[in-house]
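Architecture and fold: a report
Here are the chains, one letter per residue:
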Amino acid sequence: QLLKKNELRCECRKRPVNFYQIGGKNIMATYQQIKNETINKSFDLDGYYGAQCWDFACYVFEHYFNGTRINCGLTGYVQDFVTQKNTNGILNFMDEISLNEILQPGDVCVWGPCAAAPYSHVALYDSDNGPNEVYFLGQNQNGASYVNVC
């Protein structure tokens, strides 16, 4: 089931600085590269609760955005990416963008708690499906424990 645009109530979204390091070199990573390299794979970085949306987001942060894992220490859920943004380090490697900006593939979106994500969710924006629905690249969404687009 697709998320309706009116259900996407992000308090903020993050636009990545699209560089990552390999062998000490900064290399541009496009959204399509991230998608191609992660689709249908599972990531469980912390060994807790299986492959969650947090694991995929932090994998992307570390491997593509030259960032770090962001802890969800306040609630235990990814809503902390947003609510704790001034102290958790996410703004060290991502730029906050306005909710009024048009999403671009690869924008990191956090939403919930809401009907679509009762405990909150994080995924990368993929594309629109008409004027009212959007697709996201993420993990632990639509019942799948691997990275998919839905």
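For the structure, check the block above.
Below, the structure is looked at part by part. (Residues numbered from 1 in each chain as written. Predicted model: local features only at pLDDT ≥ 70, side-chain atom pairs only at ≥ 80, totals over all residues. Heavy atoms only, no water.)

Looking at the pattern of salt bridges
Enumeration over the complete set of coordinates arrives at two salt bridges. Its salt-bridge partner being D126, residue K35 comes within 3.0 Å of it at the nearest N-O pair. Of this pair, K35 sits in helix 1 (residues 31–38) while D126 is found in strand 7 (residues 121–128), placing the two residues 91 residues apart along the sequence. Here E62 ties to R69 by a salt bridge, and the two come within 2.9 Å at their closest N and O atoms. Taking the relative accessible area as the measure of exposure, E62 reaches 30% and is therefore partly exposed. (Salt bridge = Lys/Arg side-chain N within 4 Å of Asp/Glu carboxyl O. Helix = DSSP H or I, 4+ residues; strand = E, 2+ residues; numbered from the N terminus. Buried < 20%, exposed > 50% of the residue type's maximum accessible area, 1.4 Å probe, protein only.)

What about the pairing of strand 7?
For strand 7, a buried count of six out of eight residues is recorded, marking the element as mostly surrounded by other parts of the structure. Here four bridges tie strand 6 (residues 108–111) to strand 7, and the two strands are oriented antiparallel to one another. If you follow W111 over to strand 7, its bridge partner there is H121. By the bridge criterion, four bridges tie strand 7 to strand 8 (residues 133–138) in an arrangement that is antiparallel. The residue bridging Y125 from the neighbouring strand is F136, located in strand 8. From the end of strand 7 to the start of strand 8, which pair antiparallel, there are four residues, and G130 there has a positive phi angle of about 85°. (Pairing = 2+ DSSP bridges.)

In short, geometric facts, not functional conclusions.
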